[in-house]
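# Coordinates in review
Take a look at the letters that make up each chain.
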Amino acid sequence: MSGQVSKVGEQVEILRAQLQKDLAGFADPGMPVGTKDLDDGWIQASWVIRGERKSADFNLGGAADLRDAPVRVGGSADLSYASFLAGAGMANLRGLATNIANLIREDSSYVAPYAFLDNSLDGPSTETIASTLLRDISKDGDGRTNVVFLTAQAGVGKTSLLQHVVRTVAADYRSGQADVLWLYVDAQGRRLAKLDDAISGELGKLRAQFSFDAVASLVRVGCLILVVDGFDELLGIQGSYDESFSSLASFLDELESSGCVVAAARSAYYEQEFIGRVNSVIGFRTDGWVLNRVRLQSWNPDQMELYVERRAAEYGKTAQQALDAQDKVSKAFSSDTVSHLRGMPFFVSRVADLTLQGSAFASGADLLEQLVNSYVKREAEEKLRDSPGRSYLTDGQLKEVFSEIAEEMWRQDTRELSRTSLREVLEVWLDVAGLPSESQLAIVDRGPYSALLQAAGSGAVKFEHDVYYSYFLAGPIVDLTRKGDPVPVRQALRRSSLPVEAANMAGSRLLANSRTHLSVLMSACERQDASTEQIRQNAGTVAAGIMRASDVAFDDLKIRLLRFVDCDLSGIKLHNSELRDCTFTGSDLRGFHFINCTGERLAFERVEVDSSTTRLDIAGVSVSDFRALRLARDDASNFTEYDPRRVSEILAECDLPGAQEEIPLRSVDAEIISLLDNLSWLFSKTNFFTEQDTTSDVVRVVQDSNWKGIRNAMIDFGILTHSKRNASGHQKRFLRVHIAPSELMAGRDSQASVAPSVRALWEYLEESFPGEG
């Protein structure tokens, strides 16, 4: 009995420490949180908030978690812990919901896109309205932090969707129809791309009653769902330590395997980067997470028409005029040259607006170029005019101004400029241009209100969309590369990660004399220092843009020192070329051709291939140079193949000469291989799971007749460990995964470089479950 009492007392002390930490997040800076014991397991806590002494009673005696602890404030009826923290005297989330609803304006023309959940080996879920899917899937992770990954390329509407959902939830919270509030945080292109800075900035704009220090507590207990737009900005560069990721990891640590975070990123590459980094040296290695993958889709034709109809109504157009606008917008996307933009909300909305304002679009021409030209022309001719009606700037000069603004943003590693910085950029450019002082003054005054720019937080300005930022940033990259001096190119490429859209646009403009430009980019990568990985990644992204812009094959190229990270390399053809010291990570190689090429010290990780279109005729590259392959399914989802034998077979179908060589695979029973393959997929979604989980991917593993034996062996070798924790109010036994999914299957190759625990497991499997032959 005394041992049981001791355990209860120990649990109370754990909860007391957690309570003090939570309350300290709300208390005035430097003010301590005091506690004293009451009767029957109750304790009283006191703290100072906004100069006022507060106190409340908490029953910790029978609670396994603070969320289970009843709270009494001033003799009131018992409250739940979450209700207490959300209340007017603490976070005042109802007041915050009002501010969110006021700050995020309702868009009456908004049309929600579809999305699907790409979570199971059985294939993706049925497409459904994205906002509904997000709200349904964004729940507490049942003993694990639920990380909901929303992915789509730029222009598909991630930000619009998130803000729509956040505003809708805020309205529901105010009316009592929602019990969890969503907090939107924009981490896109911030100079201080640290999560604490980004959250603090949003809380300041919302006039929140609490600071960043209280956010983790509110998310942990289920009062808040944190929504991070631009999550990829926080992951940093692979293989490097950076404050951005450290800030993210520290926050996730504080969630203690609870709560939900919605993360938006440009592609599925960042999901795998997240998985790899949170289990590495930096990261929350002791706490559980589960990943839910949401794929956002472009608008279908009906959704495009609905948007134009709603927008036409806002312009006061008649029904016939709306039909005419729908027809014109549809024709603007009819050419094959812009078919990839069809249904992308960014382009549809801008084309619709300009069409309804009387502009016309030429079919087959560069759609983005037409959009920019239209906005620039209107700005120059209608806004930047003197009293006689003459324009201060030509269209070309105004484009130069926007490029200077974009370059200054990139130089400062931010997507926002203070009005002071904007004024300085304009004054310098205008002075060099030699414009009259009266013209300069008018242009500087107009600067923050220019077309393509919009207000940001704290009086700053930013481009109206990242696509415009990338368009104008491409110009300085092109100019520097054309000058041919690798030193300033290197200095520019070391600044921050170059948006892939900017790199692609720069690449298409550098297609003429492409060999010279590729040589400049590679020369910029030669020097080794702390920025080398960043420089090589940016150079690789621009190089990919150059090669993709070509309709013909490149012959006799010598490519070296480049990192192709999350690059679209589809359709590129390299003949009789040499590659040395290059890495390909998370890149799309569908339709990519190596023909009669050679490679030296190349590495391929999670690249996407298609055995019917990818040709890898490159000598000097072995199967062991590939760590996992991504394969596209017919249903638009992706599957990652980790098994070295299957990887070898796929690469052989892609004509890799090295795949003809026999791999020293361990002879293990095929049923065991299948079980481990299923485990690898499971490990790519979570680092904690319980055998009682009823999802199909867990059931597929635990109902396997070999599971218990394999599980025990993995525990013996330290690949899995047991952990008990609260989930849905009950103690459950979780299994904690200690290796990456790719490493588990890599151990099947007896010569692969893997962790000792993985090597020991495969040696045991080879002896205990020998395969045929």
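Summary of the structure given here.

Right, let's get into the overall build of the protein chain. Scanning the protein chain from terminus to terminus reveals 27 helices and 28 strands. Taking 773 residues into account, the globule formula puts the C-alpha radius of gyration at 28 Å, and the protein chain, at 28 Å, falls close to it. Taking the principal axes of its C-alpha atoms as reference, the protein chain extends roughly 90 × 75 × 55 Å. Expressed as a percentage of its 773 residues, the buried residues of the protein chain come to 54%. Looking at the protein chain alone, contacts between residues at least 24 apart form 60% of all its contacts between residues at least 6 apart. Surface exposure of the protein chain reaches about 32500 Å², of which carbon and sulfur atoms provide 46%. Across the protein chain, the centroid of the 83 positively charged side chains sits 3 Å from that of the 109 negatively charged ones.

This part is about the packing of aromatic side chains. The final tally for this structure, using the stated rule, is 29 aromatic pairs. When the centroid spacing of 5.3 Å and the interplanar angle of 80° are considered together, the rings of Phe 58 and Phe 84 count as edge-to-face. Placement of Phe 58 in strand S3 (residues 52–59) and of Phe 84 in helix H2 (residues 81–86) is noted, with a sequence separation of 26 residues between them. Per residue, the accessibility class of Phe 58 equals that of Phe 84, and both read buried. Both rings, one in Phe 688 and one in Phe 734, keep their centres 6.1 Å apart while their planes meet at 70°; by these two values the pair is edge-to-face. Remark: Phe 734 occurs in strand S28 (residues 730–737) and Phe 688 occurs in strand S26 (residues 688–690); sequence separation between them is 46 residues. For the pair shown, Phe 688 and Phe 734 are each scored as buried. Of the aromatic side chains, those joined through ring pairs into one cluster are Phe 402, Phe 463, Tyr 469, Tyr 471 and Phe 472. Here the basic side chain of Arg 293 rests over the ring of Trp 681, its NZ or CZ set 5.3 Å away from the ring centre. A cation sits over an aromatic face here: Arg 509 above Tyr 471, 5.0 Å from the ring centre.

This next bit is on the pairing of strand S11 (residues 289–296). Working note: regular strand, side chains alternate between the two faces of the sheet. The buried count for S11 comes to 8 of 8 residues, which makes it a mostly enclosed element. Residues Trp 289, Leu 291, Arg 293 and Arg 295 line one face of S11 and the alternating positions Val 290, Asn 292, Val 294 and Leu 296 line the opposite face, and both faces are buried. Here 3 bridges tie strand S5 (residues 114–117) to S11, and the two strands are oriented antiparallel to one another. The residue of S11 that forms the bridge with Ala 115 is Leu 296. Taken together, the 7 bridges between strand S7 (residues 145–151) and S11 define a ladder with parallel strand orientation. In the sheet register, Val 148 faces S11, and the bridge partner there is Asn 292.

The strands that make up a sheet pair up through hydrogen bonds in the backbone, lying either parallel or antiparallel. Pairing is mixed across the open sheet formed by 5 strands, whose spatial order is S17-S20-S22-S24-S25. The sheet is open, and its two edges are formed by strand S17 (563–565) and strand S25 (638–641), each paired on a single side. Averaged over all pairs of adjacent strands, the angle between strand axes in this sheet comes to 20°, irrespective of strand direction. Note that S17 and strand S20 (residues 583–585) share 3 bridges and pair parallel. Residue pairing across strands places Val 565 opposite Thr 585, the latter belonging to S20.

So, on to helix H13 (residues 367–383). Every α-helical turn comprises 3.6 residues, leaving residues that sit three or four positions apart pointing alike. Between the first and last C-alpha of H13 there are 23 Å, a value that for 17 residues agrees with the 24 Å anticipated at 1.5 Å per step. Among the residues of H13, Leu 367, Leu 368, Gln 370, Leu 371, Val 372, Ser 374, Tyr 375, Val 376, Glu 379 and Ala 380 are the ones counted as buried. Tucked into the core, H13 has its buried residues touching helix H11 (319–332), helix H12 (345–356), helix H14 (395–411), helix H16 (437–446), helix H17 (466–483) and helix H19 (500–509). With a side-chain oxygen lying 3.0 Å from the backbone nitrogen of Leu 368, the N-terminal cap of H13 falls on Asp 366.

This part covers the pattern of salt bridges. If the charged atoms of two oppositely charged side chains come close together, the side chains can form a pair. Enumeration according to the criterion identifies 47 salt bridges in this entry. Between Glu 314 and Arg 311 there is a salt bridge, and its shortest N-O distance comes to 2.3 Å. Here the residue Glu 314 and the residue Arg 311 both occupy positions in helix H10 (residues 301–314), the gap between them amounting to 3 residues, near one helical turn. Here Asp 529 makes a salt bridge to Arg 490, at a shortest N to O gap of 3.0 Å. Of this pair, Asp 529 sits in the loop between helix H20 (514–523) and helix H21 (532–548) while Arg 490 sits in helix H18 (residues 486–493); the two residues are 39 residues apart in sequence, bridging distant segments of the chain. Here Arg 490 falls in the buried class, since its relative accessible area comes to 7%. If you follow the salt bridges from partner to partner, you end up with Asp 118, Glu 271, Arg 293 and Arg 295 in one network.

Here is what the cut-offs are and how they apply
- Residues numbered from 1 in each chain as written.
- Predicted model: local features only at pLDDT ≥ 70, side-chain atom pairs only at ≥ 80, totals over all residues.
- Heavy atoms only, no water.
- Helix = DSSP H or I, 4+ residues; strand = E, 2+ residues; numbered from the N terminus.
- Rg over C-alpha atoms; globule rule 2.2 N^0.38 Å.
- Buried < 20%, exposed > 50% of the residue type's maximum accessible area, 1.4 Å probe, protein only.
- Contact = heavy atoms within 4.5 Å.
- Areas by Shrake-Rupley, 256 points an atom, 1.4 Å probe, with all protein chains shown as cover.
- Lys, Arg positive; Asp, Glu negative; His and termini not counted.
- Charge placed at Lys NZ, Arg CZ, Asp CG, Glu CD.
- Phe/Tyr/Trp six-rings, centres within 6.5 Å; stacked < 30°, edge-to-face > 60°.
- Lys NZ or Arg CZ within 6 Å of the ring centre and 35° of its normal.
- Pairing = 2+ DSSP bridges.
- Axes fitted to C-alpha atoms, helices over the stretch in contact; angles between N-to-C directions.
- Expected span 1.5 Å × (residues − 1).
- Polar contact = N/O pair within 3.5 Å; in protein donor to acceptor, adjacent residues only side chain to side chain.
- Salt bridge = Lys/Arg side-chain N within 4 Å of Asp/Glu carboxyl O.

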